[in-house]
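Residue strings, one per chain:
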Amino acid sequence: SSAASDVYKRQGKPYWGQGLIPEAVEALLARCFNNLALDAVWCGYYEGNNKSKRVCEKCGFRFHHTNRDILSPLGDTRTEHFHRMTREDYVAMHGH
């Protein structure tokens, strides 16, 4: 059996561009892999959200798949891209 978690990130506009989300994601990843012994952590973003895409890339998540025509919580249809980091990916990046 494998254990996995999703990352959900939302930040108010006054805090954009300060590097707070990548820092928070790094802390979350450390907890997920070092304390909770999860096998994978997932991160997704909607098409066109380049800031979230950059966070996924900057933090070391790897592209996994895309779902098209997904109904969003706002009721519109969107394309969502999913990235994943495995325990092995985390260990390779952080050495522990």
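The present account deals with the structure reproduced in this document. (Residues numbered from 1 in each chain as written. Predicted model: local features only at pLDDT ≥ 70, side-chain atom pairs only at ≥ 80, totals over all residues. Heavy atoms only, no water.)

**With respect to the overall build of the protein chain**
Then comes step 1: Counting its regular elements, the protein chain contains three helices and four strands.
Then comes step 2: When the helices and strands of the protein chain are placed in sequence order, the string is β-α-β-α-β-β-α.
Then comes step 3: Counting only residues that meet the buried cut, the protein chain has 31% of its 96 residues in that class.
Then comes step 4: Nonlocal contacts in the protein chain, meaning residues at least 24 apart in sequence, comprise 60% of its contacts between residues at least 6 apart.
Then comes step 5: If you sum the accessible surface of the protein chain, you get close to 6,500 Å²; carbon and sulfur atoms cover 49% of it. (Helix = DSSP H or I, 4+ residues; strand = E, 2+ residues; numbered from the N terminus. Buried < 20%, exposed > 50% of the residue type's maximum accessible area, 1.4 Å probe, protein only. Contact = heavy atoms within 4.5 Å. Areas by Shrake-Rupley, 256 points an atom, 1.4 Å probe, with all protein chains shown as cover.)

**With respect to helix H2 (residues 50-58)**
Given 3.6 residues per helical turn, the α-helix brings residues three or four places apart onto the same face.
Then comes step 1: Buried within H2 are the following residues: Ser52, Val55 and Cys56. An end-on view of H2 places all buried positions within 100° of arc, on one side of the element. Opposite its buried face, H2 presents the exposed residues Asn50, Lys51 and Lys58, each directed more than 90 degrees away.
Then comes step 2: On its buried face, H2 is in contact with helix H1 (20-35), strand S2 (40-46) and strand S4 (77-86). (Arc of directions from axis to C-beta.)

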